[in-house]
Amino acid sequence: MKVAILFFVALLGLTYSWPMLEGKLIKDDHSWIAPGKSDVRSPCPVLNTLANHGYLPRNGKNITKDNFVSALEQGISIGFDIANLLGYGAFKKFGNPATLDLSDLQKHNAIEHDSSLTRQDNYFGQSTTPLPSLLKRFLNSSSDGKYISFQDFITYRRERQAESKAKNPTWLFESEQQNAAAGEAAAVAIAFGDVLHGLPVENAKSVFQHERFPSGWTRRTLPIFAVEVLPRTKQIQWGMMKP
């Protein structure tokens, strides 16, 4: 009986560690591999990072809802509440298809939105890769050179919003886009940094520039639930939208 229980626990561990694709366990050591010529990526550096490490299909194609959710949970310890909200919300934006490709997320104002931290607005062209000038400014937005604090996120977000508003004739940044932008900043800072200090600059460079897990970083044991992310999300949203 004890042996059977241990086997069952071990099987659960394998199921948690390896993603599912079309009902089959996919073994992957989750090492970083750069995307190939036929692979596709999205405007989101975190999703691209998860694909580059094999938590999402490495080619970026035929992603199911369950795969989307499990990648967030297993790859960066996003709690089931946030992971399901993001996964099911993303698929709903596209009419709940059976699968999505990462390149589908390029669709304007579905997941992608104006005033990105490192991507140009969709109006000016593709946003699946960072714009070098924006990436440099984002990494230099740290006030102490070590962490991009939550206040640093606010300051830089306000700059990006003002720029897009001035230059992009189709700029749209209403409550839906505001919620997304603030939530993204809070979640990435907590997942790759911590809730007190924010996002280490070196970790930001790894994720936003190289789309790779930072050296020495390990995902948290305790999942990141909404109760932890929401206060920082509201702080960023209030700060970036105040008059």
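Residues numbered from 1 in each chain as written. Predicted model: local features only at pLDDT ≥ 70, side-chain atom pairs only at ≥ 80, totals over all residues. Heavy atoms only, no water.

### Notes on the nonpolar core
So, step 1. Ranked by internal contacts, the top residues of the largest apolar core, which has 52 residues, are L50, F138, F153 and F192.
So, step 2. Secondary structure elements with two or more residues in this core: helix 2 (45-52), helix 3 (65-76), helix 4 (80-93), helix 5 (132-139), helix 6 (150-167), helix 7 (175-192), helix 8 (201-208) and helix 9 (226-241).
So, step 3. Among the elements that take part in this core, helix 7 stands out by supplying 9 residues, more than any other. (Core = buried A, V, L, I, M, F, W, Y, C linked by side-chain atoms within 4.5 Å. Buried < 20%, exposed > 50% of the residue type's maximum accessible area, 1.4 Å probe, protein only. Helix = DSSP H or I, 4+ residues; strand = E, 2+ residues; numbered from the N terminus.)

### Considerations on helix 2
So, step 1. Burial runs high along helix 2: 8 of the 8 residues are buried.
So, step 2. Restricting attention to buried positions, one finds in helix 2 the residues P45, V46, L47, N48, T49, L50, A51 and N52.
So, step 3. In this structure, the buried side of helix 2 is in contact with helix 3, helix 7 and helix 8.
So, step 4. Where helix 2 ends, the next residue or the one after it, G54, has phi of about 80°, a positive value. (Contact = heavy atoms within 4.5 Å.)

### Some details on the layout of surface pockets
So, step 1. When its volume is computed, the largest pocket comes out at roughly 1,400 Å³.
So, step 2. Residue lining of the largest pocket: 49 residues in total, with L86, N179, A180, G183 and E184 positioned closest to the centre.
So, step 3. Those elements giving two or more residues to the lining of the largest pocket turn out to be helix 2, helix 3, helix 4, helix 7 and helix 9.
So, step 4. Sorting elements by how many residues they give to the lining of the largest pocket places helix 7 first, with 12 residues.
So, step 5. Taken together, the residues of the lining of the largest pocket sort by class into 28 nonpolar, 13 polar and 8 charged.
So, step 6. In this model, the second largest pocket occupies a volume close to 160 Å³.
So, step 7. In terms of lining, the second largest pocket is formed by Q120, D121, F124, L131, L134, R137, R160, E163, S164 and K167.
So, step 8. Elements supplying a minimum of two residues to the lining of the second largest pocket: helix 5 and helix 6. (1 Å grid on protein atoms, 1.4 Å probe; cavity = no way out; pocket = protein on both sides within 12 Å on 5 of 7 lines; lining within 4 Å. Points joined across faces, edges and corners; volume = space filled by probe spheres on them. Nonpolar A, V, L, I, M, F, W, Y, C, P; charged D, E, K, R; others polar.)

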